[in-house]
Each structure stands twice: as structure tokens, then as C-alpha cells.
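Structural description and commentary
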Amino acid sequence: MVDQAPPMHPEDIEIPNEQVFANGDIYAGQFKRYLPHGEGKYTWSDGKTYEGQWEEGKMTGKGCMRWTSGATYEGGFSGGYLHGFGTLTGVDGSVYRGAWRMNVQHGTGRKDYSNSDFYEGSWKEGLQEGNGRYVWNTGNTYVGTWKAGNMCGRGVMMWANGDEFHGFWLDGLRHGTGLYSFANEGYYVGTWSRGLKDGQGTFYPTGSKVLSLPKLYRDLGGDGDKRRALSHTSSVGAKEFKIWKRRITRSLSEKFLAGVRRKKSVRISNRSVSLHNDWCPGDSVKDVPLRERARALSLPFREGPDTMEEDNLVYVREYMQGVLIKESVQDYAAGTDNRSKMKNKLQDIESKKRPGEIIFKGHRSYYLMLNLQLGIRYTVGKITPVPMREVRSSDFGPRARIQMYFPRNGSQFTPPHYSIGFWWKDFCPMVFRNLREMFKIDAADYMMSICGSDGLRELSSPGKSGSIFYLSQDERFVIKTLKRHELMILLKMLPNYYNHVQSYENTLITKFFGLHRIMLKGGRKVRFVVMGNMFCTELRIHRRFDLKGSSQGRYTVKQEIDETTTLKDLDLSYVFQMDKSWRESLFKQISLDSTFLESQGIIDYSLLLGVHFRAPQHLRVFSGAAVTEHSYSGSSKSHGMSSQEISVPPKGLLLVTHEPSSVSTAPGPHIRGSTLRASTAGNQEVDLLLPGTGRLRVQLGVNMPAQANCKLPHEEDDESTVDLVEVYDVVLYLGIIDILQEYNTRKKVEHTCKSFCYDPNTISAVEPHLYSKRFINFLERVFPDQT
């Protein structure tokens, strides 16, 4: 922050003077070598004025800017920019008072809107980001974390009429684990997805004796004992700013505001809040946040409990996109250890909603995680400032690396840390830097996602490789441990992989963002690859399948299946039908990707398929359908239905013309790739519109609407020849994974041995050409042609 211009030598300062420029601008004040310097007033030809301090021709120090529109700014300037601490009064009467950086709100500040709403907290690049509080003119209040102008992360919404939601948010909508409390002091604890109840939860009626609210807040991640709220700051002087900033930061650091239980009502909205400010200094000022959307959040919307029952009864419920599909009643008798039951319930809900195990201090992977984060922060920070250039042959291979030792106490090049000393090696840093640029991954976002304070989550391995998987806290990136031969395969194929993904922006092959190795004392080496998480989506993934096209051993024990289980080929009981042009594009890309993998001698890859089912009201059962059967190799199940009985796109899913400004452009693993055109929509680029959820960009393998058809089995005493088929509206996510297995000598021996016991065409280990052909043929039955 610049408080005042630097001192000036008397001989450099000319006496105050007035100068009229050729374009009609006027400056009256002090000069230094013909440049405004010191105190002065500048009037532009259109009437805009600046009066304050100058430094060699640039507004620097304290000053006041007035626009012809009536907007004013008074505060710090630097190099001609609004910079430091200052107050902007907009043409509509809104007032922002706080920190600025390069013409935008950045830091801590408060904004009072013209409709009497106000926000105080952290800002980043002109948008609310970090910890903050928003108060609507209706009295509704949100306290928690923000990202890019939306409520995102942990937070508390408190309505003026008394009800509250304590939990997680995403893009202004409830998303994740949370507690909703009602006016009559009933409670619902469960999970939400994009603003709708989705998954299992428990409803505690009015007067329930099983709920310990302070304990519940702590289990959710809040602090039920600390009830400090933000002080209302109507005005802040420049001298008070630092003190106020410390106070508001400390107050907002509470993960939840476990407020005093008030009289509660049952009002909530599923609408998103976005408070963007597109103002930039110039000849006029615009300060028009999208208050209509913000105001919509405070409007009544019935969410309340379905019934109010006995004190000792609680209701375990399961929802799908806001629709109650299952309910059971439990009687909590007196003397039950209610705290333990509540804690276990919350843990069950959280574990089902968010995959993996949080890595904390004392966890077996804690120091490994710290080492990985230190190394990535170091190398990404080192390579990012290097000017962008095309990769060279010397950028590939095991010798293209950055290597550094990180002693515990730090060194000339590395900071001290709380982990154990380790050697760090980063392979092909320029190649992966260019890949991240190619995939539109911002370096700062990449480091914050993996190396932020929230840490990583450890996932159980879905395969037989024994690899350990880590998930970034925002779920955008997956980090997988590699064996040495897998690392060498990736280094070997990296030049061709780079060319392939550069040529085909819609490739379905795994996106790689970094390749690293950690060597600990004693010589233990751990190798990592960072990949995009294809299931980082706005919608909940209800079923996931790993499909190879082989059938030997490709099934899952039914007792082990839940929503997070990755199922296999023989577990798949659906076929999926989609827009004809999408199917053509899908198989064109699958063929290109399979041909590439075949050229590299790769086998054992698979199509990872995620399925989001829409609400049950979209379920339709057809009778008397003429069914076209599709039999999988090695499976006794048959699937499919007449194309005359379906409509693609599905009736329950609405396609609308693509509008870039209306869909999320947040950086992530799916931002690269073209928007799909739908033949059913006049061959225009389209978005998927889901009422109550949002608008999603349709890409190849991402947010693809389809219909899932499942033929129902006949009853034993049913002699009818009529096939019944369930038809579900679904949204699909898919990509090709596990591409680091060569058809080497070990695999050839495996093929020979298994061929004595099983059909050679049904086992996984076959030569690359046959594997590719079988893979595509199998997927053509999973995604049948409508014609």
C-alpha cells in the first residue's frame, strides 16, 4: 500500500503551473522535468478528474478520482492504478471500502450494495474469495468460504426467519455433508448434491432426545463452543484498517459459525448466488453485481421435514436428486449412547459422500504427502517463470529432470520443513509444463489444489496393481504411485503421447500433469504420476464401471458393492443410447486412441465409465417392446430395446443452445475439448440443462446425456414372451485409463498359461492388435447404434 509519494528534491520540483494538452486535458500542479510530480489535479477532456499525488507522470500516493457518471474513488494509487486502501462509491450508491490491487478489489474489504446488502471479508481479483460474510437486506446471512464470487467450501447460512444450514457449498449451492435445522428444532443430517438432497441422511423430529447439537457441530467440522460472530463495521478508517483486517480474518477463520439456536422456519433456496463485479477504471464506472441471483437466495422455498413424530423415533432416509426414494424408522430407546451413534452416522455419511481417507498428522502417508507437496511447489514454481517455448527432443527422457535435496533444516535453495529429509526428482519438467498449459491448467491453481493447506486424501486401490492413489482436496487431480517399469514406459511413450494429445483435443486418454520421484533415507524410492480426475464433476456418480472387453474374472462380489465400488464387465447390465452424431464422434476418438496405444504396444487399458442417474420420476418401463438383444462375451445377460421406443436425447434431460457465459469455466480436468453438436438440435453446440441443478457444457466423455436400458428378467412362472425394459435418463462420464502396461514377456507367458484353462479370447493378456479390436467391439455393444 502506498500512503504517499516519495520525498522530492527541491531542485527537481517546478512551481505549480497549469498546462493544457493538445487533446484538451488539463493539468494544474507540480512538475518534474515536464512530468506531473508531487501534488496536482488532472482533468480529462470528458470531465473526469484526479486530484492528489503524482510520481513522474503517474498517479501514485493518495488521491481522489471522480468520473463524469458520478462515481468516485478516494484512497491509494500506484503507477496509475487503484492500489492500496481506498473507498469506491458507485453510481448506484454502492460503496466498497477496503484493499485494492491493480484496479480491482483484492484483499480484505467491505462492500455495501445499493439494495442494502453488504459483504465483508476477503476478495481476490474483484470477486469474493476466501472467508467472508454476506448479509442480505432481508436479514439472511451467510458466513463461510467463497471462491470466485460464489459460496464454496464450508459455511453457514442463517435465515432471518430462523432456519440454518451448516455444511459444505459449491458454486452457491449446498453440496456435500451438512446439517439443516428447522424452525421447530427438528434436524436433517445428510448429503446434498448441487442444492438437492442426494444420498442417505437422518431426520430428527421436533423434541428428539438423540441430538447433541454442539457435539454435532464439532463432528461436522465446526466449533460448537465458539460462537463469535463478525462485528458489524459500518465505517473503517485507514488507520484502523490493519486492526480491522486482523479482527475479521480471525473471526472468519472459524470453520463454522455455531450460532445460538433461534426460532427456526423451513425456508431455503436452491438458487446459486453470484456477486460478480465487472468494473474496471476508465472513463466511467460500472458496478452492477448480479443482485437478482443473490436476492433469489433469500427467497422462501419449502424444504422442511415431511412429518413430525415421536421423541425417540428418527428416520433414516435416502434421496435421489431431491426425491425421497427410501425411508426406515429407528427407535432410539432411553439409555442409548446417542453421541456415539451420531458420530458414527456422520462419519458414514461423510465417507460415502467424499471418497478416500484424510491424511492427517500421524497417518502412515503424512510425511510422504508433505514431501510430495514440497517437491511439486518447488519445481512448478521454478519452471513456471521460464518463457514458454516448444518442447525439444532434449526435454524428453530420464535425463531431462530437476533434482534437489530437501534437508529438514532447509538449504540455500530449499525452505525448512516439518517432514524428513528427502531427494526429489522431477522428470521432463518442460514437457509437463507444456501439457498443463495445453490442458488449460493454471500453475497457481495446480499448486493450490495439490499443495494447499487442506492436504490430500488417500484412496483404496480399485485394481490389482497395488498402487496407492491420492486425491487432491478439491478432487480435481489424482496422484498414483508407479512401479519402476511403469515410469520407464511413460518416459518412453511420452514424446508420442505429447504429439497425440496435442493433435486431438477431445482425446479420451488419461491426462498426465507431472511425473515425480521421492527417495527417502535408506534408499526407498516412491514414484508418482499426477493425472486429471475424470469424475471431478458437478453431478454425483452413482455407478462406475471399468470395462476392458475381456470376461475372465471380470465381475465383483455382490456383497462388496456400494456406490463407490468400481464394477467390471460382467457386472454391467445396461446398454447406453445417445445422439447418433455423438456416438460417431465417440467411436472415432476411441479408435484413434486405441490405435495410438496399439502402436506403443500397450494392453490392459480400459474405459472408465461413470453413470449419473436422474431422479426416479424419469424412470419408464416399457412392455411389449420388440427387443434387440446384445449379448456380452462371457455373460448370460442380454440387454437392449427397440429404437422406436426411445427418444434421444432423453425426455428427462433438456439440451439447449450452448452459451459460454452460462456454463462453468472453472479450471479443471475437463476444460479442454470442444463442445459437442447435437443432430437433434440442428447440429448446434449444446449445453445440458438440469432443472434444480444447473447448466453443463456437453463434451466428448463429459456431461453426455443418454438413456440406460436394462432388460428385466422374467419370473420363473412367467410364460410370457414379452420383454420388459427399464429406461433411465443418465449422464455419462468416460475416459481411457491404465495405459502403462506393455505386452512384454511376462504378459506373453501369462497369456500362454491361461490359454490352457480358458478361452484365449476372454482373458485380458492378449497381443495389442487383438486387444484393441476386442476393446472396440465390446464397447460397440455397450453403446449400440440406433439404426
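Residues numbered from 1 in each chain as written. Predicted model: local features only at pLDDT ≥ 70, side-chain atom pairs only at ≥ 80, totals over all residues. Heavy atoms only, no water.

Identification of the protein as Phosphatidylinositol 4-phosphate 5-kinase from Papaver nudicaule is taken from an unreviewed UniProt entry.

**Some remarks on the overall build of the protein**
Definition in use: A helix here means a DSSP run of H or I that spans at least four residues, while a strand means a run of E at least two residues long, and both kinds are numbered starting from the N terminus. Contacts between residues were defined by any pair of non-hydrogen atoms, one from each residue, lying within 4.5 Å. All accessibility values rest on the Shrake-Rupley procedure with a 1.4 Å probe; residue burial counts only the protein chains present in the view.
Within the protein, the regular secondary structure consists of 11 helices and 42 strands. Of the contacts formed within the protein by residues at least 6 apart in sequence, a portion of 57% connects residues at least 24 apart. Here the protein has roughly 35,300 Å² of accessible surface; of this, 50% comes from carbon and sulfur atoms.

**Examining the sheet that holds strand 20 (residues 357-358)**
As a reminder of what qualifies: Whether two strands pair depends on DSSP finding at least two bridges between them. To obtain an axis, a line is fitted to C-alpha atoms, over the contacting stretch when the element is a helix, and the angle between two such axes runs from 0 to 180 degrees between their N-to-C directions.
If you walk across this open sheet you meet the 8 strands as 20-23-24-25-27-26-22-21, and the pairing is antiparallel. Among the strands making up the open sheet, the edge pair consists of strand 20 and strand 21 (401-406). For strand 24 (residues 469-472) and strand 25 (residues 477-482), the ladder comprises 3 bridges, and the chain directions are antiparallel. Opposite Y470, over in strand 25, you have I479 as the bridge partner. Each of strand 21, strand 22 (422-427) and strand 26 (512-520) is contacted by helix 6 (residues 429-438), which is oriented at about 145 degrees to strand 26, the strand it contacts most. In the packing of helix 8 (residues 484-503) onto the sheet, contacts are made with strand 22, strand 25, strand 26 and strand 27 (525-532), and the angle to strand 26 comes to roughly 150 degrees.

**Topic: the confidence of the model for the protein**
We count it as follows: Confidence of the predictor at the level of single residues is given by pLDDT, which spans 0 to 100.
When pLDDT is averaged along the protein, the result is 77, and 73% of the positions lie at 70 or above. The secondary structure element of the protein with the lowest average pLDDT is helix 3 (residues 291-296), at 34, and the one with the highest is helix 8, at 96. Low pLDDT, under 50, characterises residues 1-5; the stretch is placed with 16 contacts to residues that sit more than four places away or in other chains. Note on residues 333-339: pLDDT is under 50 here. Beyond four places in sequence and across chains, it has 5 contacts.

**A closer look at the environment of M102**
Our working rule: Only protein chains enter the accessibility calculation, which uses a 1.4 Å probe; a residue whose area is less than 20% of its type maximum is buried, one above 50% is exposed, and one in between is partly exposed.
Among the structural elements, M102 can be located in the loop between strand 8 (95-101) and strand 9 (104-112). Assessed through its relative accessible area of 44%, M102 is described here as partly exposed. The spatial distance from the C-alpha of M102 to the C-alpha of Y81 is 5.3 Å, given a sequence separation of 21 residues. Once residues lying within four places of it in the same chain are set aside, the contact partners of M102 are Y81, L82 and H83.

**Remarks on the pattern of salt bridges**
Applied cut-off: Put simply, a salt bridge is a Lys or Arg side-chain nitrogen that is within 4 Å of an Asp or Glu carboxyl oxygen.
Evaluated as defined, the whole model comprises 23 salt bridges. The residue R110 makes a salt bridge to D112 at a minimum N-O spacing of 2.9 Å. The partly exposed category is assigned to D112, whose relative accessible area is 24%. Taking the shortest distance from any N to any O, the salt bridge between R677 and E685 comes out at 3.9 Å. Since its relative accessible area comes to 44%, R677 is described here as partly exposed.

**Quick notes on the state of the cysteines**
Where we set the bar: Here, the term disulfide refers to a pair of cysteine sulfur atoms separated by no more than 2.5 Å.
Counted according to the given criterion, the structure contains 0 disulfides. Not engaged in a disulfide, the cysteine C757 finds its nearest cysteine sulfur in C753; these two sulfurs lie 8.5 Å apart. On the basis of relative accessibility, which here comes to 60%, the residue C757 falls in the exposed class.

**A word on the nonpolar core**
Formally: Buried residues of nine kinds, namely Ala, Val, Leu, Ile, Met, Phe, Trp, Tyr and Cys, make up a nonpolar core once their side-chain atoms join them within 4.5 Å.
Within the largest apolar cluster, 122 residues are counted, with the highest numbers of intra-cluster contacts made by F576, L732, I739 and F783. Counting residues per element, this core draws most heavily on helix 5 (residues 366-383), which supplies 10 residues. Setting aside its immediate chain neighbours within four residues, F576 contacts L609, V611, Q707, A708, V730, L732, V782, F783 and P784. With 34 residues, the next largest nonpolar core counts W67, L88, W192 and Y319 among its residues.

**Regarding the packing of aromatic side chains**
The following threshold applies: Stacked, tilted and edge-to-face are the three classes assigned to paired rings of Phe, Tyr and Trp, where Trp is represented by its six-membered ring and a pair needs centres within 6.5 Å; plane angles under 30 degrees give stacked, over 60 edge-to-face, the rest tilted. Distance and angle both matter: a charge sits over a ring if NZ of Lys or CZ of Arg is within 6 Å of the ring centre and within 35 degrees of the ring normal.
Across all of its chains, the model carries 43 aromatic pairs by this definition. Seen in terms of ring centroids, Y574 and F576 are 6.2 Å apart; in terms of plane orientation they differ by 35 degrees. Their pairing is tilted. Residue Y574 shares its accessibility class with F576, and that shared class is buried. The lysine or arginine in question, R174, covers the ring of F165, its NZ or CZ lying 5.8 Å from the ring centre. Against the face of Y446 rests R436, its NZ or CZ located 5.0 Å from the ring centre.

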